[in-house]
Amino acid sequence: MPSLAPAPLSAETLVLASASPRRRDLLAQIGITPDVIAPADLDETPIKAELPKAYAERLAAEKALAVAPAHKAALILAADTVVACGKRILPKAEDEATARQCLAMLSGRRHRVISGISLIGPGGRQLTKSVTTTVAFKNLSHEDIEDYIASGEWHGKAGGYAIQGLAATYVRFIQGSYSNVVGLPLFEVGGWLKAHLRKSAS
């Protein structure tokens with residue numbers, strides 16, 4: 001289990017600024033285990049007229065910056081994943097009514113899943129970017145939506161669904177990174193982290 005408390009850190013220490021177990025599982029998939037889990041507590045309300053891509057990148061950058069002062073010698077990784085229909089940012093579903101609204105909006109149409117990712121190195125340099133995946137849902141029947149609500153998988157999920165569960169049966173098309181939809185684009189993040197680790201080892 002990773003430590004939840006700040007501690008003296010080496011330049012090789014990786015701090016994940018997220019409490020998401022899905023992100024930890026995705027990092028484990030490529031052989032990377034954070035040394036410290038330090039979730040950032042931020043107001044995630046979008047700025048007026050803020051577009052989804054800008055919102056995801058801003059939150060990822062702010063999460064990394066919020067954690068960095070307590071872990072100055074560490075490598076900080078932060079991320080934020082947004083589900084967007086057009087210019088609209090869908091909420092994280094915390095209740096059944098919100099989940100139903102999200103699923104009804106996603107039914108039979110394409111949407112974008114955008115993950116902002118931000119990395120701060122021990123020297124303080126920050127890199128931030130976003131990765132977008134296009135996902136298309138089939139037309140969801142009333143029974144489809146109610147079955148998904150009954151599963152409970154929607155709770156706390158951006159856009160009211162998790163692609164790695166029952167909602168996989170609703171996806172008729174995906175273009176781009178699958179791991180990005182789960183919560184972390186492994187191609188980009190893996191490249192960043194492995195490049196840093198190679199540099200640190202040399």
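Residues numbered from 1 in each chain as written. Predicted model: local features only at pLDDT ≥ 70, side-chain atom pairs only at ≥ 80, totals over all residues. Heavy atoms only, no water.

1. Observations concerning the side chain of T81
Reasoning step 1: Along the chain, the position of T81 falls in strand β3 (residues 75–85).
Reasoning step 2: Within polar-contact distance, the side chain of T81 engages the side chain of R23 at 3.1 Å.
Reasoning step 3: Polar side-chain contacts of T81 include one of 2.8 Å to the side chain of S115.
Reasoning step 4: With near-sequence residues (within four places) excluded, T81 lies in contact with R23, V113, I114, S115, A158, N180 and G183. (Helix = DSSP H or I, 4+ residues; strand = E, 2+ residues; numbered from the N terminus. Polar contact = N/O pair within 3.5 Å; in protein donor to acceptor, adjacent residues only side chain to side chain. Contact = heavy atoms within 4.5 Å.)

2. Some thoughts on unusual backbone geometry
Reasoning step 1: Located in the positive-phi region is A49, a residue other than glycine, with phi close to 70 degrees.
Reasoning step 2: A residue is classified by how much of its surface remains accessible, and A49, at 74% relative accessible area, is exposed. (Buried < 20%, exposed > 50% of the residue type's maximum accessible area, 1.4 Å probe, protein only.)

3. Considering helix α2 (residues 52–67)
An α-helical turn contains 3.6 residues, so a residue and the one three or four places further along point in the same direction.
Reasoning step 1: With 16 residues, α2 should cover 22 Å at 1.5 Å per step; its first-to-last C-alpha distance of 23 Å lies within 8% of that length.
Reasoning step 2: Considered for burial, the residues of α2 that qualify are P52, Y55, A56, R58, L59, A60, A61, K63, A64 and V67.
Reasoning step 3: The elements touched by buried residues of α2 are β1 (14–16), β3, β4 (88–89), β5 (110–120) and β6 (126–137). (Expected span 1.5 Å × (residues − 1).)

4. What to know about the packing of aromatic side chains
Reasoning step 1: Enumeration over the complete set of coordinates arrives at three aromatic pairs.
Reasoning step 2: Their ring planes at 65 degrees and their centres at 4.8 Å tell us that F137 and Y161 sit as a pair that is edge-to-face. Of the two residues, F137 sits in strand β6 while Y161 sits in the loop between α4 (142–151) and β7 (171–175), which places them 24 residues apart along the sequence. An identical accessibility class is assigned to F137 and Y161; each is buried.
Reasoning step 3: Plain terms: the ring middles of F137 and Y170 are 6.3 Å apart, the flat faces sit at 70 degrees to each other, and that makes the pair edge-to-face. (Phe/Tyr/Trp six-rings, centres within 6.5 Å; stacked < 30°, edge-to-face > 60°.)

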